[in-house]
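Structural characterization, general
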Amino acid sequence: MNTEQDILNKFLTGEDQAYTWIYNTYAPVMFSYGKSLGFERSILKDAIQDIFFKILCDRKLLVGVKNLKFYLFRTLRNRLINLNRRTNVPSNVTSKEESSPFIKVTILDQLIEEEERDALKNRIENLLNCLTERQREAISLRFIHELEYDEIASILTMTSPAVRNLIARAIKRMRTDGIFLFVMWSLILREPYQ
């Protein structure tokens, strides 16, 4: 069984299957992370494609990378910030259309669960609205994307203790409505990247 580092090494030596594995593994989680930041689907897909195209054209960008997920998240965040600055279009975390991806199993399942999902989505949105944008991003990076505190600190350009405090304050705020809702939010955000 190949480890991520083995696959990364294969990619660096020119193996195209390794690139395919990296893309298929990380494009969906990058998309989910970008959704949690409030960016639109089309902007996210373009940013992710730009990043993977740049990596394919210049494999040396990944030389020395120890944590590929962290590198890709930081690169995506920087790319989205640059795109946002160029277009001056604010991200919209609470957009009804873009913030509630659903997994459609069958029409009957969808009809039965739609009302429950809408109610849960509204509770989750209310819960998240009590957080600052930075708290939402830190919570997403820590609990959905499972990054370490020092990695989050690097992405958010903060110190590791400051990130710990930020997340602790966010959790304290959310506790009034229960952490269960946060877990459900993480499942709702996992929209397939296609």
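Now for a description of the structure that goes with this document. Quick caveat: nothing in here was measured; it's all calculated off a predicted structure. (Residues numbered from 1 in each chain as written. Predicted model: local features only at pLDDT ≥ 70, side-chain atom pairs only at ≥ 80, totals over all residues. Heavy atoms only, no water.)

All right, on to the side chain of Ser 140 then. Along the chain, Ser 140 turns up in helix 6 (residues 133–144). At a separation of 2.9 Å, a polar atom in the side chain of Ser 140 contacts the side chain of Ser 36. (Helix = DSSP H or I, 4+ residues; strand = E, 2+ residues; numbered from the N terminus. Polar contact = N/O pair within 3.5 Å; in protein donor to acceptor, adjacent residues only side chain to side chain.)

A word on the environment of Ser 140. What makes Ser 140 buried here is its relative accessible area of 0%. Sequence separation between Ser 140 and Ser 32 is 108 residues; the distance between their C-alpha atoms is 9.5 Å. (Buried < 20%, exposed > 50% of the residue type's maximum accessible area, 1.4 Å probe, protein only.)

What follows deals with helix 4 (residues 68–87). Taking 1.5 Å per residue, 20 residues should reach 28 Å; helix 4 reaches 28 Å between its end C-alpha atoms and fits that length. Where helix 4 is concerned, the buried positions are Leu 68, Lys 69, Phe 70, Tyr 71, Leu 72, Phe 73, Leu 76, Arg 77, Leu 80 and Leu 83. Structurally, helix 4 contributes buried residues whose contacts are with helix 1 (4–12), helix 2 (16–36), helix 3 (41–57), helix 6 and helix 7 (149–156). The N-cap residue of helix 4 is Asn 67: its side-chain oxygen and the backbone nitrogen of Lys 69 are 3.2 Å apart. (Expected span 1.5 Å × (residues − 1). Contact = heavy atoms within 4.5 Å.)

Any functional reading would require information that these geometric values do not contain.
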